[in-house]
Amino acid sequence: MSSAKTANAQGRNIFIWVAHPNADSLCASLADRYASGAKAKGANVRHMALSEMDFDTDGPSLKGTEGLEPDLVAWQQNVAWADHILIVHPYWWASMPARAKAVLDRGLSSGFAYQYTGRGMGWNKLLKGRSGDAIITSDTPPLLDTLLYRKPGRRVLRNQVFDFVGIKARKILQLGSVKLAKLAKIENWLKQAEQLGMKAAR
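How each quantity is defined
Residues numbered from 1 in each chain as written. Predicted model: local features only at pLDDT ≥ 70, side-chain atom pairs only at ≥ 80, totals over all residues. Heavy atoms only, no water. Salt bridge = Lys/Arg side-chain N within 4 Å of Asp/Glu carboxyl O. Helix = DSSP H or I, 4+ residues; strand = E, 2+ residues; numbered from the N terminus. Buried < 20%, exposed > 50% of the residue type's maximum accessible area, 1.4 Å probe, protein only. Patch = residues over 30% accessible without salt bridge, like charges linked within 9 Å, V, L, I, M, F, W, Y side chains within 5 Å. Areas by Shrake-Rupley, 256 points an atom, 1.4 Å probe, with all protein chains shown as cover. Expected span 1.5 Å × (residues − 1). Contact = heavy atoms within 4.5 Å. Arc of directions from axis to C-beta. Phe/Tyr/Trp six-rings, centres within 6.5 Å; stacked < 30°, edge-to-face > 60°. pLDDT = per-residue confidence, 0-100. Axes fitted to C-alpha atoms, helices over the stretch in contact; angles between N-to-C directions. Parallel < 35°, antiparallel > 145°, perpendicular 65-115°, else oblique. Nonpolar A, V, L, I, M, F, W, Y, C, P; charged D, E, K, R; others polar.

Enquirer: What should I look at first to understand the pattern of salt bridges in this one?
Expert: Pairs can form between side chains of opposite charge whenever their charged atoms are close. The final tally for this structure, using the stated rule, is 6 salt bridges. Between arginine 106 and glutamate 69 there is a salt bridge whose closest N-O contact spans 2.8 Å. In this pair, arginine 106 is assigned in helix α3 (residues 98-107) and glutamate 69 in the loop between β3 (44-49) and α2 (70-81), connecting sequence segments 37 residues apart. Under the relative-accessibility criterion, arginine 106 is labelled buried at 2%. A salt bridge links lysine 101 to aspartate 105; its shortest N-O distance comes to 2.6 Å. Pair noted here: lysine 101 and aspartate 105 are both in helix α3, with a separation of 4 residues, about one helical turn. Looking at lysine 101, the relative accessible area reads 37%, which means it is partly exposed. Overlapping salt bridges bring together Arg33, Glu187 and Glu194 as one network.

Here it is, written out as structure tokens:
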């Protein structure tokens with residue numbers, strides 16, 4: 001189930017979602033360091049982990065909270081509460097894991113995250129006023145991912161997810177290669193995550 005952590009009531013509200021199917025992951029460690037940085041600057045932090053969420057990946061996605069399991073409703077409530085959102089996920093086949101994508105498919109529902117206007121192509125971005133960061137871990141080096149594949153994971157998250165619903169992307173950071181990284185490199189990534197958290201709290 002979901003968990004929430006609250007800090008100084010006067011700070012920015014930051015929702016951190018660890019979109020990794022496994023509880024013990026580099027993504028979780030990066031999220032923890034980001035949270036530490038944000039809390040150090042007075043932010044209120046709520047945290048959810050995909051590994052603890054219970055929902056049907058093939059369930060219906062209708063309108064608002066209709067047809068959603070309690071953990072998906074809680075996820076929506078945390079998004080609505082937040083001034084700023086962090087998504088941390090691994091890079092599998094040029095995207096986030098299927099179970100994480102299912103949360104977006106069902107949780108960013110019509111009437112909650114967006115609303116089409118009439119019968120045309122226009123839509124209202126219902127999550128305007130929020131900003132967002134993302135940290136993506138990959139075995140593919142980010143430069144290679146950019147040159148060979150045109151950074152699909154970063155591009156989709158920035159344009160087709162954040163921008164579509166009105167979240168202003170601040171930093172979309174891809175870290176890799178994870179499988180080749182030595183401890184010193186990983187510690188540097190953790191420090192980067194902490195610094196991002198500090199910036200998000202401002």
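Moving on, there is more to tell.
Enquirer: Explain a nonpolar patch on the surface here, please?
Expert: On the surface, Leu144, Leu148 and Tyr149 cluster together to form a nonpolar patch covering roughly 320 Å² of accessible area. Relative accessible area serves as the criterion here: at 39%, leucine 144 is assigned to the partly exposed category.

Enquirer: What is the right way to look at helix α5 (residues 152-165) in this model?
Expert: The α-helix advances 3.6 residues per turn, and as a result positions three or four apart in sequence lie on the same side. Relative to the 20 Å expected for 14 residues at 1.5 Å per residue, α5 spans 18 Å between its end C-alpha atoms, a close match to the ideal helical length. Residues of α5 that are buried: Pro152, Gly153, Arg154, Leu157, Val161, Phe162 and Val165. Buried residues in α5 make contact with β4 (84-90), α3, β6 (123-125), β7 (131-137), α4 (142-149) and β8 (168-175). Just downstream of α5, glycine 166 is the residue with a positive phi angle, here 100°.

Enquirer: Where do I start with helix α6 (residues 183-200) in this structure?
Expert: In a regular helix each residue adds 1.5 Å, so 18 residues correspond to 26 Å; α6 covers 26 Å between its end C-alpha atoms and thus fits that length. Those residues of α6 not exposed but buried are Trp189, Leu190, Ala193, Leu196, Gly197 and Ala200. Projected onto a plane normal to the axis of α6, the buried residues spread over an arc of 115° and lie on a single side. Check the buried side of α6 and you find it contacts β2 (13-18), α1 (26-40), β4, β7 and β8.

Enquirer: It is not clear to me how the packing of aromatic side chains should be interpreted in this structure. Could you clarify?
Expert: Between two aromatic rings, the relevant description is the distance of the centres plus the angle of the planes. Across all of its chains, the model carries 4 aromatic pairs by this definition. Measuring from centroid to centroid gives 5.3 Å for tyrosine 114 and tyrosine 116, while their planes differ by 70°, and the two rings are edge-to-face. Residue classification places tyrosine 114 among the buried positions, given a relative accessible area of 18%. On the numbers, 5.4 Å between centres and 70° between planes, the contact of tyrosine 114 with phenylalanine 164 is edge-to-face. Here phenylalanine 164 lies in helix α5 and tyrosine 114 lies in strand β5 (residues 114-116), a separation of 50 residues in the sequence.

Enquirer: Is there a simple way to explain the confidence of the model for the protein in this structure?
Expert: Low pLDDT marks regions whose predicted coordinates should not be analysed in detail. Residue-level pLDDT values for the protein average 94, and 95% of them are 70 or greater. Taking the mean pLDDT of every element in the protein, the minimum, 38, falls on strand β1 (residues 3-4) and the maximum, 99, on β2. Below a pLDDT of 50 lies the segment residues 1-8, which in the model reaches 22 contacts outside its immediate sequence neighbourhood of four places, other chains included.

Enquirer: Any chance you could explain the environment of alanine 100 here in plain terms?
Expert: By secondary structure assignment, the location of alanine 100 is in helix α3. Other than its neighbours up to four places away in sequence, alanine 100 contacts Trp17, Ala19 and Leu50.

Enquirer: Can you walk me through the packing of α4 against α5 in this structure?
Expert: Think of two packed helices as two axes; the pair is described by the angle between the axes and how far apart they sit. Closest axis-to-axis distance for the α4/α5 pair is 9 Å, and the angle between their directions is 80°. For the element pair α4 / α5, the angle class is roughly perpendicular. Where α4 approaches α5, its residues Pro142, Asp145, Thr146 and Tyr149 are matched on the opposing element by Pro152, Arg154 and Arg155. Across the contact of α4 with α5, the residue classes tally to 3 nonpolar, 1 polar and 3 charged.

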